[in-house]
Amino acid sequence: MMKHKTLHNKTTTIVTASPAQLEYVKNVRKNKRTIHILRLFILVTFLLLWEIAANNNWINSFIFCSPSKLYDTFFIMLQDGSLMHHIGITLYETLIGFTIVIIGSILVAILFWWNDTLSKVLEPYLVMLNALPKSALAPVLIVWLGANQTTIIVCACSVAIFGSILNIYTGFKNIDTDKLKLIYTLKGSRLHALLLVVLPSNIPNIISIMKVNIGLCLVGVVIGEFLAAKEGLGYLIIYGSQTFKMSNVLLSIFILCMIAMALYSILQAIEKKLSEYF
């Protein structure tokens, strides 16, 4: 239903939703609330069962720890500043690696799209490198670059960049040929086709790849920190396991899960915002 109202020679249109539409919106919101409640219920139930099992010696509290011990460890490390320092290091390395992966992947994919011969020559090598277990590269990188932050960032990049290049390049190749023909018919150059068709059409695809890459970069950083770090959450995990401080290990794992969820949610919000324009 639509109502028209005129004020000072300006016409405004007021759209009134039908009862069926209102009912549909109500059901969607109810379903979202139900999902959020169920997620919270599962988490709270898991933590309660874990605490009860540890307190009643159903599980070995020294090995499996307990939520209350994690809570105490969290505040002790928060007060002495060590926790935020380690989180900051891991976040910094992850974001630097992620930025390098995205920019590098887009540039290499553009190069492959621009030069078909080059892509045919190098694509098999990218497939091979993408299939290579990246943990096998970490010791080699330590020998080449040393046990430092640069090695960790390179390790993070190596986990994500090869698959990212292949996926972005595949998206470039699958562009609607009619749109490209239109550009060339109007005397446009290959650069015009890239800037006006290829890149804009692939923005949703690139955002989706970014959502995958942020998790892969975090994994790569943790692998690097296992082997070549003296700070960061990966270092806390490996050091805690060696000294049997399981509260440090489990707390670090829990924080890594939260970081991964937060970074993914940020990219998901960006994707939702950009979907209004593409």
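Right, let's walk through the structure included here. Positions within a chain are numbered from 1, following the residues in the order the chain's sequence is written. Local features in this predicted model are restricted to residues of pLDDT 70 or higher, and side-chain atom pairs are both shown and tallied only at a pLDDT of 80 or more, whereas totals for entire chains, interfaces and linings draw on every residue. Just so you know, side-chain values use all the structure's heavy atoms and leave hydrogens and water out.

1. As for the packing of aromatic side chains
Spelled out, the test is: Paired rings are identified among Phe, Tyr and Trp, the last through its six-membered ring, by centres lying within 6.5 Å, and are further divided according to the angle between planes into stacked (under 30 degrees), edge-to-face (over 60) and tilted (the rest). Numbering of helices and strands runs from the N terminus, with a helix taken as a DSSP run of H or I at least four residues long and a strand as a DSSP run of E at least two residues long. Relative accessibility under 20% of the residue-type maximum defines a buried residue, over 50% an exposed one, and the middle range a partly exposed one, all with a 1.4 Å probe and only protein chains included. Here, a charge over a ring means that NZ of Lys or CZ of Arg falls within 6 Å of the ring centre while also lying within 35 degrees of the ring normal.
Counted according to the given criterion, the structure contains six aromatic pairs. Where F46 meets W50, the ring centres are 5.8 Å apart and the plane angle is 45 degrees; that geometry is what we call tilted. Of this pair, F46 and W50 both sit in helix 1 (residues 19-55), four residues apart, which is roughly one turn of that helix. Residue W50 is classed as buried on the basis of its relative accessible area of 16%. Arranged with centres 5.7 Å apart and planes meeting at 85 degrees, the rings of F112 and Y169 form a pair that is edge-to-face. Remark: Y169 occurs in helix 7 (residues 149-173) and F112 occurs in helix 4 (residues 82-114); sequence separation between them is 57 residues. The class for Y169 is buried, based on a relative accessible area of 2%. One aromatic cluster is present, built from ring pairs that chain together Y71, F74 and F75. Against the face of W113 rests R190, its NZ or CZ located 4.1 Å from the ring centre. Over the face of the ring belonging to W114 we find R190, whose NZ or CZ atom lies 5.9 Å from the ring centre.

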